[in-house]
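Now for the letters of each chain:
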Amino acid sequence: MPVRNTKAIPRADLERAMRKAHRAYGNRANFRGIDIGYRWTNGAQSDEICLRIHVEQKLGPERILDSQILPSEIDGVTLDVISGPYGPTLGKRPGASQNDNSSARPPYAMAGLACGRSGESIGSVGLMVIDETTGKPGLLSNWHVLAGPRAHCNDPVMLPCEQDEGHDPRDHVARLKRWVLGRSGDAAFAELLPDQPWLPLQFGSFKSIDRARPVQLGEILTKTSQTAGTSRARVDGEGLYRLRYEIRPGVFEFRDIEGFKLVALDADTVDTPTVSLAGESGAAWISEITGEAIGLHFGGDTGPDAASDHAIACNVTSVLDRLQLRLATFEDLLAQNSQGAVLTQQQKISANLSAGQPPESTLKDWPHPVHWAQDWSGEPSVTELRAAPQPEAAPVFRRHRPDHRQDRAGHQQYPADVLPLIRIQPRGLFHSPPQDFRQSPSARHQIISQEIWPLHLYPALLDCNPNFQGVLLEERLTHRIQAISPAGIAAFLAQLINGSLHFDGIGLQRLRSEDFIGVATYRQACERILAALQHQ
């Protein structure tokens, strides 16, 4: 079958061929990505658009089996093979910048500054954003910069100063809230501390980025960071790129991430890489013409030759959508400091709940990222991570506290017609949950996720020991409780619940250690508490 002129092939046909090639060759050990981009010949870029498979290392025909040789075309689309040993671009300390005051502690948080977790490697702040669920400002960067394999919700996020020697509490500016690692991107969001000054500007250029859009093949983008200054690159391809991550302590796996590849302008004259330096992970790629946010830098080509001055970025629009964020503006800064600020989305949701309207799920129990080996249907798969709901999450149910509330020994009882769980309605009215909530798994899941866990068990754990900060609802009890309770898990839970004020006045009688035998996760502990409430 003759190869067609790929310049005239519709984009839908190119993407169809790309999905077919990914299913056929994506499980090979040498595979590192697949995209639609420009064909390269003898180190020079041509104007021909083709399908490209990226490999860790290009091998000659004499070093591979005949059955492993890739075809020259797929469904009439030219197929090219290029080298792409990609890896994250983390740094150890903020590097020298073109700004003379790079070593000074920045008075404001802004995009482009060096950032990271306390005591670990650093990257860059990509963009200043607003959390659409709370209206609060924060930082957007990579998952492997702000989160990583040891992350917990509310972990401190730092803007380290070059002159620091070790940990400096003045560097703590934000708290880690949500993250994503999968096809949608490599990204994380950290909410700024209430008293942290910030500006919706890019370090170096001091431009305000208030719009984002998808990437366009061939356009020129710029990236400015405190670590490496300003660099310019051209979009060379769009597709899927595979990187190796430490997803849990000591556990390494590959992840396929949708995005685009960039090459430095005049790459053939460059002796050292300029578009992907250590410490630039998380920096934003901005359109040179329109000033719109396009991508979030998360890796680079680790090849030794000069032509390997490449970078890869995930799509900003996809990341913002997955993490429920939008770009911050000066209007947001003014609204934060004004007395007449409008209700945030989370406040509106809480208001709807108080009126008995069904809630829209904004806090999901997102699973751990799955392995890359799966069929690519063209739709992004759910491989996101997200922290468990915290006590400040919008509560759905409140407890009714009658005048003769029950004590912990069970000497006084609620009136017979009052269920343990009630929803408060406007004007002081009360509405009981559905009568079949005891048998409905979805109702039990909702009560546990939005009532028992965030309002009672989680606060009780924090009062007992601050090391429970950021514990996940699905986390195993052995991870933290065994370290502080020689009496055992069951005895610890019974003693904690019986002695905590967070369980007073909800109709719960004294529990015994036997009530928690066999419990392995915090969700199962909540199930036992709910069962105790239903039988009392």
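Structural notes, computed from the coordinates. Note that the coordinates shown come from a computational prediction; the quantities given were computed from them, not determined experimentally.

### Quick notes on helix α8 (residues 489-499)
Within an α-helix, residues lying three or four positions from one another point in the same direction, as the helix has 3.6 residues per turn.
Moving on, step 1. Across the 11 residues that make up α8, a large majority, eight, are buried.
Moving on, step 2. Ile-489, Ala-490, Phe-492, Leu-493, Ala-494, Leu-496, Ile-497 and Asn-498 are the residues of α8 that are buried.

### A few points about the pairing of strand β10 (residues 137-141)
Moving on, step 1. Where burial is concerned, most of β10 is hidden: five out of the five residues are buried.
Moving on, step 2. Bridging between strand β9 (residues 127-131) and β10 involves four bridges; their strand directions are antiparallel. Of the residues in β10, the one forming a bridge with Met-128 is Leu-139.
Moving on, step 3. Taking the residues between adjacent antiparallel strands as the criterion, β9 and β10 are bridged by five residues, where Gly-135 takes a positive phi near 80°.

### Here's the deal with the pattern of salt bridges
Moving on, step 1. Counted according to the given criterion, the structure contains 21 salt bridges.
Moving on, step 2. Here Arg-52 ties to Asp-236 by a salt bridge, and the two come within 2.6 Å at their closest N and O atoms. Placement of Arg-52 in strand β2 (residues 44-55) and of Asp-236 in strand β16 (residues 229-248) is noted, with a sequence separation of 184 residues between them.
Moving on, step 3. Here Lys-136 makes a salt bridge to Glu-191, at a shortest N to O gap of 3.8 Å. Linking Lys-136 in the loop between β9 and β10 with Glu-191 in strand β13 (residues 185-192), this pair joins segments that are 55 residues apart in sequence.
Moving on, step 4. On the accessibility criterion, Glu-191 (6% relative accessible area) is buried.
Moving on, step 5. One salt-bridge network, in which partners are shared between bridges, spans Arg-11, Glu-15 and Glu-238.

### With respect to the environment of Ala-328
Moving on, step 1. Locating Ala-328 in the fold gives a position in the loop between β21 (325-327) and α4 (330-337).
Moving on, step 2. For Ala-328, a relative accessible area of 1% corresponds to the buried category.
Moving on, step 3. Along the chain, Ala-328 and Ile-209 lie 119 residues apart, while their C-alpha atoms are 7.9 Å from each other.
Moving on, step 4. Setting aside chain neighbours within four positions, we find Ala-328 in contact with Met-128, Val-129, Ile-130, Trp-198, Pro-200 and Ile-209.

### Here we look at the nonpolar core
Moving on, step 1. Residues Leu-127, Leu-139 and Leu-140 are the most contacted members of the largest nonpolar core, which totals 55 residues.
Moving on, step 2. Looking at this core, the element that brings in the most residues is strand β12 (residues 172-182), giving six residues.
Moving on, step 3. For Leu-140, the contacting residues outside a window of four places in its chain are Val-125, Gly-126, Leu-127, Val-129, Ala-187, Ala-188, Gly-282, Leu-296, Val-319, Leu-320, Leu-323 and Leu-325.
Moving on, step 4. In terms of nonpolar packing, the next biggest core, distinct from the first, is built from 33 residues, Ile-447, Val-471, Ile-506 and Leu-533 among them.

### Examining the side chain of Arg-255
Moving on, step 1. Along the chain, the position of Arg-255 falls in strand β17 (residues 251-264).
Moving on, step 2. The buried category is assigned to Arg-255, whose relative accessible area is 2%.
Moving on, step 3. At 3.1 Å, the side chain of Arg-255 and the side chain of Glu-253 are in polar contact.

### As for unusual backbone geometry
Moving on, step 1. The phi angle at Asp-75 is positive, at roughly 55°, despite the residue not being glycine.
Moving on, step 2. In this structure, Asp-75 sits in the loop between β3 (73-74) and β4 (77-83).
Moving on, step 3. For Asn-154, which is not a glycine, the phi torsion comes out positive at approximately 75°.
Moving on, step 4. Checked against the element boundaries, Asn-154 lands in the loop between α2 (143-146) and β11 (156-158).

### Observations regarding the environment of Leu-511
Moving on, step 1. Inspection of the secondary structure assignment puts Leu-511 in the loop between α8 and α9 (522-534).
Moving on, step 2. Taking relative accessible area as the criterion, Leu-511 reaches 6% and is therefore assigned buried.
Moving on, step 3. Separated by 17 residues in sequence, Leu-511 and Arg-528 have C-alpha atoms that sit 9.9 Å apart.

### Description of the packing of helix α6 (residues 441-464) against α9
Moving on, step 1. Closest axis-to-axis distance for the α6/α9 pair is 9 Å, and the angle between their directions is 105°. What the angle tells us is that α6 and α9 run roughly perpendicular. Residues Arg-444, His-445, Ile-447, Ile-448, Ser-449, Ile-452, Trp-453, Leu-457 and Leu-461 of α6 pack against Tyr-522, Arg-523, Ala-525, Cys-526, Glu-527, Ile-529, Leu-530 and Gln-534 of α9.
Moving on, step 2. Residues belonging to the contact of α6 with α9 are distributed by class as follows: 11 nonpolar, three polar and three charged.

### Let's talk about the packing of aromatic side chains
Moving on, step 1. Under the definition given, this model contains six aromatic pairs.
Moving on, step 2. The interplanar angle of 90° and the centroid separation of 5.9 Å between the aromatic rings of Tyr-86 and Tyr-241 together place this pair among those described as edge-to-face. Of this pair, Tyr-86 sits in strand β5 (residues 86-87) while Tyr-241 sits in strand β16, and the two are 155 residues apart along the sequence.
Moving on, step 3. By relative accessible area, which is 0% here, Tyr-241 ends up buried.
Moving on, step 4. Taking 5.7 Å as the distance between ring centres and 50° as the angle between the ring planes, the aromatic pair formed by Trp-453 and Tyr-522 counts as tilted. In this pair, Trp-453 is assigned in helix α6 and Tyr-522 in helix α9, connecting sequence segments 69 residues apart.

### A short note on the pairing of β12
Each regular strand shows side chains that alternate between the opposite faces of the sheet.
Moving on, step 1. Of all 11 residues that make up β12, nine are buried, and the element is covered over most of its length.
Moving on, step 2. With three bridges connecting them, β11 and β12 associate as antiparallel partners. Counted as the bridge partner of Pro-156 is Arg-175 from β12.
Moving on, step 3. When β12 meets β13, the two strands line up antiparallel, connected through eight bridges. Counted as the bridge partner of Gly-182 is Gly-185 from β13.

Calculation rules
Residues numbered from 1 in each chain as written. Predicted model: local features only at pLDDT ≥ 70, side-chain atom pairs only at ≥ 80, totals over all residues. Heavy atoms only, no water. Buried < 20%, exposed > 50% of the residue type's maximum accessible area, 1.4 Å probe, protein only. Helix = DSSP H or I, 4+ residues; strand = E, 2+ residues; numbered from the N terminus. Pairing = 2+ DSSP bridges. Salt bridge = Lys/Arg side-chain N within 4 Å of Asp/Glu carboxyl O. Contact = heavy atoms within 4.5 Å. Core = buried A, V, L, I, M, F, W, Y, C linked by side-chain atoms within 4.5 Å. Polar contact = N/O pair within 3.5 Å; in protein donor to acceptor, adjacent residues only side chain to side chain. Axes fitted to C-alpha atoms, helices over the stretch in contact; angles between N-to-C directions. Parallel < 35°, antiparallel > 145°, perpendicular 65-115°, else oblique. Nonpolar A, V, L, I, M, F, W, Y, C, P; charged D, E, K, R; others polar. Phe/Tyr/Trp six-rings, centres within 6.5 Å; stacked < 30°, edge-to-face > 60°.

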